[in-house]
Structures are given as structure tokens and as C-alpha cells.
Amino acid sequence: MRVLIVEDEPLMAEAVRDGLRLEAIAADIAGDGDTALELLSINSYDIAVLDRDVPGPSGDEIARRIVESGSGIPILMVTAADRIDDKASGFELGADDYLTKPFELRELVLRLRALDRRRAHHRPPVREIAGLRLDPFRREVYRDGRYVALTRKQFAVLEVLVAAEGGVISAEELLERAWDENADPFTNAVRITVSALRKRLGEPWLIATVPGVGYRIDVEPSTEGPGGA
């Protein structure tokens, strides 16, 4: 299990991280909201532990972003306030559980494992095609056994292409399924994202361009150039 700890008290954050490591739980620390959002965009986490009162975007705002992203990452809210109204507002934002400071590390561990078990019951299937292994639950991608680090948007695009099992997906459909409703239909974001995704996956090129139609996963990857985005 890998968790993100959003906590602006360095000593507390480090103590929690070290304690979780002893329980075989990997943890990254974000001391402010901006760092948290950056880490969420580039890494795959099983659970986010959010202190509501952090510099920059608050824990509430981070929770809102997580929910809107559709990633399904469970959220454990942490706060010094123990009023029922505070907890209610946190749950309304999308929190899955709540922990009031001060807390025992053992209780945190138990709650994290409970959230992980709960999520495991709804894990989408791992998909494999042409040497590519995509795990939607853990948000991980492997190419011939090699881990490939992807941004959230690159992962979303690849997930749509892999689900098509070699079928062609148009740029318009990718824009509809991997971007939000406010996306500009005339944007070149799809082309740019696909181009970057190809480079991340490496050779032989796995994503083929079907001129005038769209993109597909090439079940027999080519060693030649990708032929444009």
C-alpha cells in the first residue's frame, strides 16, 4: 500500500511516515496543498491522508480535486476539530473516513488497512495487451515488465485505448472520455498527450495513428517511427 500524507507539521509528518514504514506501508509527504496536488498528478496512491488545515489549497480543496478526478482514491481526513459539523462537512466533500488529532499511530494503520480492504472489493480488472499491463486500481503501467511512470492524463488516455483492445479511438472520443466537459473541442491536447505517451512507453512504438480516424494500440508494435501524432 502506498499513501500520501498531507501534513504541514514536519515532525508529525515524518513520525507518521516512519511509523507506517514499519507497518510495510509506503508513504510520501506533502507539506502544503500545491505539493500534494503535484504528487497526486504524477504518482499512484492507494489512499490520501489529508490534514484539512494546510498552506495553499486546503485539505478540503484537495479532497474536492481527488473526487472530481474520478481516480477513486479513498480519502482519510485528519483535523484537530472534533465537532460533528466539521466531520459532516468533510464527508460531504467526499472523505471516506475521519481521524481527530491527536491520534495513535495504531489507529491510523487500522483505518488505512480497512479502507484498502474496502477498496479491494471494487477493483477493476488488470488489462494486458501487446506486452502492456495496465492496473486501473493501482494506477500502474508496465511495459514488458518495466514500470512506466505516467501523468494522470496520460494514464487516462492509455486506459481508453487499452480498453478498446486494438480498436480505433478517435481524438474526439479521447477528448470526451479523458478530459472534462469544459475541454475545448479544437484543442491539440489529445495529440500532445498521445505524443508524450508514446515516448514514455518507448520503442517499439505501441500506439499507432490511423490517419484521419484516430489512434489504436498496435498488437504488433512497430520499430519504425510513430508516423506523427
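Residues numbered from 1 in each chain as written. Predicted model: local features only at pLDDT ≥ 70, side-chain atom pairs only at ≥ 80, totals over all residues. Heavy atoms only, no water.

Going by the annotation in an unreviewed UniProt entry, the name recorded for the chain is Response regulator transcription factor, with Leucobacter iarius given as the source organism.

## Quick look at the sheet that holds strand 6 (residues 127-129)
If you walk across this open sheet you meet the four strands as 6-7-8-9, and the pairing is antiparallel. Strand pairing shows two members of the sheet lacking a second neighbour, strand 6 and strand 9 (146-147), which therefore form its edges. In this sheet, strand 8 (residues 140-143) lies alongside strand 7 (residues 132-135) in antiparallel orientation, the contact comprising four bridges. Each residue of the ladder has a partner; that of aspartate 135, found in strand 8, is glutamate 140. (Pairing = 2+ DSSP bridges. Helix = DSSP H or I, 4+ residues; strand = E, 2+ residues; numbered from the N terminus.)

## Things to note about the packing of helix 2 (residues 33-42) against helix 3 (residues 59-69)
One way to put it is that helix 2 packs onto helix 3 with a least axis distance of 10 Å and a crossing angle of 20 degrees. Judged by the angle between their axes, helix 2 and helix 3 are roughly parallel. In the crossing of helix 2 with helix 3, the sense of the turn from one axis to the other is right-handed. Residues Gly33, Ala36, Leu37 and Leu40 of helix 2 pack against Ile62, Arg65 and Ile66 of helix 3. Classifying every residue of the contact of helix 2 with helix 3 gives five nonpolar, one polar and one charged. (Axes fitted to C-alpha atoms, helices over the stretch in contact; angles between N-to-C directions. Parallel < 35°, antiparallel > 145°, perpendicular 65-115°, else oblique. Left-handed = near helix turned anticlockwise from the far one by under 90°. Contact = heavy atoms within 4.5 Å. Nonpolar A, V, L, I, M, F, W, Y, C, P; charged D, E, K, R; others polar.)

## Observations regarding the pattern of salt bridges
For the structure on display, the rule yields 14 salt bridges. Lysine 101 is the partner of glutamate 9 in a salt bridge, and the nearest nitrogen-oxygen pair spans 3.9 Å. With a gap of 92 residues between them, glutamate 9 in the loop between strand 1 (2-6) and helix 1 (10-22) and lysine 101 in the loop between strand 5 (97-100) and helix 5 (105-120) connect regions that are remote in the sequence. Take lysine 101: its relative accessible area is 18%, and that puts it in the buried class. For arginine 17, the salt bridge goes to aspartate 18, with nearest N and O atoms at 3.4 Å. On the basis of relative accessible area, arginine 17 is assigned to the partly exposed category, the value being 22%. Where salt bridges share partners, they join Glu7, Glu9, Asp51 and Lys101 into one cluster. (Salt bridge = Lys/Arg side-chain N within 4 Å of Asp/Glu carboxyl O. Buried < 20%, exposed > 50% of the residue type's maximum accessible area, 1.4 Å probe, protein only.)

## Concerning the sheet that holds strand 3 (residues 47-51)
Spatially, 2-1-3-4-5 is the arrangement adopted by the five strands of the open sheet, whose pairing is parallel. Each of the sheet's edge strands pairs with one partner strand only, and the pair in question is strand 2 (26-30) and strand 5. Ignoring which end each strand starts from, the neighbouring axes of this sheet average 20 degrees apart. Alignment of strand 4 (residues 75-79) against strand 5, held across four bridges, turns out to be parallel.

## A few points about the side chain of lysine 101
Separated by 2.5 Å, the side chains of lysine 101 and aspartate 51 make a polar contact. Discounting residues that sit within four places of it in the chain, lysine 101 has contacts with Glu7, Glu9, Met12, Asp51, Val78, Thr79 and Ala80. (Polar contact = N/O pair within 3.5 Å; in protein donor to acceptor, adjacent residues only side chain to side chain.)

## Digging into the pairing of strand 7
One ladder, built from three bridges, connects strand 6 with strand 7; its direction is antiparallel. Bridging across to strand 7, glutamate 128 finds its partner in arginine 133. The hairpin turn running from strand 6 into strand 7, its antiparallel successor, is two residues long, and alanine 130 in that turn takes a positive phi close to 50 degrees. Linkage of strand 7 to strand 8, two consecutive antiparallel strands, is achieved through a turn of four residues, within which arginine 139 is found at a positive phi near 55 degrees.

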